[in-house]
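Structural characterization, general
So you can see what is in the structure, the chains are spelled out below.
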Amino acid sequence: MIRLFKVKEKQKEEAGNAKGRGPLKKQSAGELRLHKDISELNLPKSCTIAFPNGKDDLMTFEVSVKPDEGYYMGGKFVFTFNVSSVYPHDAPKVKCKTKVYHPNIDLEGNVCLNILREDWKPVLNINTIVYGLYHLFTEPNHEDPLNLEAAAVLRDNPHTFRSNVKTAMGGGRVGDTYFSRCI
């Protein structure tokens, strides 16, 4: 009986090889959960997902956020997601590829979002993270900043903050930092 299962496994592998795909790769629990999360995505209309390495690499993907309200309305911000094989026990690593003047995103692209750090729980999913990122653009939070200067301006002078955001999104300079156009 045991030999029968080995024969069936070998037949499956040979069938895969015959089709030119090579041996079948077993998916990790993280890959299976991520596949489920992606198949159930219900993104806001202003968000899109792309797989720059192709559909065979679900563990690395990009999400574009195009806020339709708030300070960042009209901009396009791209985030990379790197998901570990132990997902959902570890949160995905998320970085902003678009340089942005934002209190919760530093100039290196690190994102300050509580559900990516101390508040991560395995019941959360990719959809929750995307909505969290979208929320950062509709309501930036000066109370938990990564970019201290932007947070201080938002807190003390929202009018100047709005002007700085528009300058940065238009491809201008805010202080000593140049931002590429993202409108």
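Presented here is an overview of the structure given in this document. Remember, predicted model here, so these are calculated numbers, not experimental data. (Residues numbered from 1 in each chain as written. Predicted model: local features only at pLDDT ≥ 70, side-chain atom pairs only at ≥ 80, totals over all residues. Heavy atoms only, no water.)

**Concerning the pairing of strand β2 (residues 60–65)**
Defined as follows: Accessibility here uses a 1.4 Å probe with only protein chains present; expressed as a share of the type maximum, an area under 20% marks a residue as buried, one over 50% as exposed, and anything in between as partly exposed. Only runs of H or I of at least four residues qualify as helices and only runs of E of at least two qualify as strands under DSSP, and these elements are numbered from the N terminus. Between any two strands, pairing holds if DSSP finds at least two bridges.
Counted residue by residue, β2 has five buried out of six residues, so it is predominantly covered. Bridge count between strand β1 (residues 47–50) and β2: four bridges; the pairing is antiparallel. Pairing of I49 across the sheet is with V63, part of β2. As defined by bridge partners, β2 adjoins strand β3 (residues 77–82) across six bridges and the pair is classed as antiparallel. Bridge pairing in β3 links T60 to N82.

**With respect to the nonpolar core**
To be explicit about the condition: We define a nonpolar core as any set of buried Ala, Val, Leu, Ile, Met, Phe, Trp, Tyr and Cys residues linked to one another through side-chain atoms lying within 4.5 Å. The contact criterion used throughout is that any non-hydrogen atoms of two residues lie within 4.5 Å.
If you look at the biggest cluster of nonpolar residues, it comprises 45 residues, and the most contacted ones within it are F79, F81 and V111. Of all elements in the fold, only α2 (29–39), β2, β3, β4 (93–96), α3 (126–138), α4 (148–156) and α5 (158–169) reach the threshold of two or more residues within this core. In terms of residue count, the dominant contributor to this core is α3 (seven residues). With near-sequence residues (within four places) excluded, F81 lies in contact with M59, T60, F61, V63, P92, K93, V94, I126, I129, V130 and L133.

**Concerning α4**
At 3.6 residues per turn, the α-helix brings residues three or four places apart onto the same side. Convention followed: Taken from the helix axis, the directions to the C-beta atoms give the arc we talk about. Between N or O atoms, a polar contact is any pair within 3.5 Å; within protein, one atom must be a potential hydrogen donor and the other a potential acceptor, and residues adjacent in sequence are included only when both atoms are from side chains.
Along α4, the positions that sit buried rather than exposed are A150, A151, V153 and L154. Down the axis of α4, the smallest arc covering the buried residues is 165°, so these residues share one side. In α4, those exposed residues whose orientation departs by more than 90 degrees from the buried face are L148 and D156. Against the buried residues of α4 lie α5. The opening residue of α4, the one whose side-chain oxygen lies 3.3 Å from the backbone nitrogen of E149, is N147.

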